[in-house]
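Given next are the chains, with one letter for each unit.
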Amino acid sequence: MNAIAVLTSGGDAPGMNAAIRAVTRMAIERGAKVYGSKHGYHGLIDNALIPLELRDVGGIMQHGGTFLGSARAPEFRTVEGRQKALEHLSALGIEGLVVIGGNGSQTGASSFNDMGFPVIGVASTIDNDLIGSDITIGVDTALNIALEGIDRLKVTASSHRRAFLVEVMGRDCGYLALNAAIAGGAEGAVIPEIETKPEEVVAELQQSYERGKTNGIIVVAEGAKHGCDELMSYCRTHPEIGFELRAVTLGHVQRGGAPTAYDRLLATRLGANAAERLLGGEHGCVVGMIRGRETATPYSEVVGRTKGVDPKLFELANILSK
Ligand code: ATP
């Protein structure tokens, strides 16, 4: 392969820049030319492909987000959209593509690979719901930011004997909420995978108050069946909780942080490995970290499936919150 392209797609994740840098520098080291596609699949469809040289990817690793831009590109879901992308790539002599992104992005990548264009994925999403990597790029940073928020809320909550419902990201996946709850010593986690009824939240907070706790923290994933607003309205009508109640949404704050050392290293290793594999003739797979090793998992095992949360961790969170 003489030239490859790289893009970041779907929700941005801290560490994506380190992955772009690693793909670019490894590919150049192996003698290939590299192009970056602006705003995910949009760049392929609109022919917004820019050459990337060694210096172009300097000074980006310490920043969250992605300097290539990311996007959701509905046109790429159509054969016509992907056909346009193929034409633009072949006009530039590009023979392979690295897609840095989560479930949706890897599904698109798989369809493109099925059309005969060699694609390799890099596991990147703060949700950590992608099969093929024990942990995905961005999770560690997002988790640490959530944790910082929870730690601070605990300090102020204790001064006033308050309880906080803290909403964190996770549309379909409770990984961040559950792990932030465990690491932050929260009283409960409300996640999409396991239903927690509003009356259970009331009971948890009331018992915590009666046990003499000075604060109560319930971490709620944005996609939970009974979300933060509903829980807040319900809890307000239950003064027996004892704590004074507040709600905080961390939301996109979680995405914006400087990537942790862990995310930079993970993204660097996965990006470099993906570039090496692609240039070595491998494609049709996602590169992730499994048991400490860069591992390629075929798209057939990744697409259409998600990695759920471990129910044992949920149980652990409940035991330790006493
Ligand atoms: P995250 O979960 O971290 O937000 P993601 O990669 O799952 O990221 P999505 O919004 O699901 O993000 O998908 C990103 C883009 O991937 C879509 O806008 C679309 O361009 C492409 N894509 C998703 N599904 C398909 C599909 N079935 N066929 C072709 N392209 C797809």
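Notes on the structure follow. For clarity, every value in this text was computed on a predicted model and none was experimentally measured.

About the thresholds
Residues numbered from 1 in each chain as written. Predicted model: local features only at pLDDT ≥ 70, side-chain atom pairs only at ≥ 80, totals over all residues. Heavy atoms only, no water. Near = heavy atom within 4 Å. Polar contact = N/O pair within 3.5 Å; in protein donor to acceptor, adjacent residues only side chain to side chain. Areas by Shrake-Rupley, 256 points an atom, 1.4 Å probe, with all protein chains shown as cover. 1 Å grid on protein atoms, 1.4 Å probe; cavity = no way out; pocket = protein on both sides within 12 Å on 5 of 7 lines; lining within 4 Å. Sits in = over half its atoms within 2 Å of the grid points. Nonpolar A, V, L, I, M, F, W, Y, C, P; charged D, E, K, R; others polar. Salt bridge = Lys/Arg side-chain N within 4 Å of Asp/Glu carboxyl O. Helix = DSSP H or I, 4+ residues; strand = E, 2+ residues; numbered from the N terminus. Buried < 20%, exposed > 50% of the residue type's maximum accessible area, 1.4 Å probe, protein only. Contact = heavy atoms within 4.5 Å. Phe/Tyr/Trp six-rings, centres within 6.5 Å; stacked < 30°, edge-to-face > 60°. Lys NZ or Arg CZ within 6 Å of the ring centre and 35° of its normal.

Attention shifts here to the site of the ligand. If you check the shell around the ligand, you find 19 residues, and the closest are R72, A73, G104, S105 and T125. With respect to the ligand, the side chain of R72 contributes an N or O atom lying 2.3 Å from an oxygen atom. In the model, a nitrogen atom of the ligand is placed 3.3 Å from a nitrogen or oxygen of the R77 side chain. Look at the ligand: alone it shows 640 Å² of surface, and the protein chains cover 88% of it. If you map the ligand onto the pockets, it falls in the largest pocket. Residues that form the shell around the ligand fall into these classes: 3 nonpolar, 11 polar and 5 charged.

Right, let's talk about the pattern of salt bridges for a bit. By the definition in use, this model includes 10 salt bridges. When the shortest N-O distance is used, the salt bridge between R162 and E244 registers 3.1 Å. Residue R162 is found in strand β6 (residues 162–168), and its partner E244 is found in strand β9 (residues 244–249); the two are separated by 82 residues along the sequence. E244 is paired through a salt bridge with R246; the nearest N and O atoms lie 3.0 Å apart. Judged by relative accessible area, R246 falls into the partly exposed class, the value being 33%.

Attention shifts here to the environment of S124. Here S124 shows up in the loop between β5 (119–123) and α5 (139–160). Along the primary structure S124 and G281 are separated by 157 residues, whereas in three dimensions their C-alpha atoms are 22 Å apart. Filtering out sequence-adjacent residues up to four positions away, S124 remains in contact with A13, M16, I100, G101, G102, L130, T136 and I137.

Moving on, we come to the packing of aromatic side chains. For the structure on display, the rule yields 4 aromatic pairs. Through successive ring pairs, a cluster of aromatic residues spans Y41, F76, F112 and F117. Over the aromatic face of Y209 sits the side chain of R161, whose NZ or CZ is 3.9 Å from the ring centroid.

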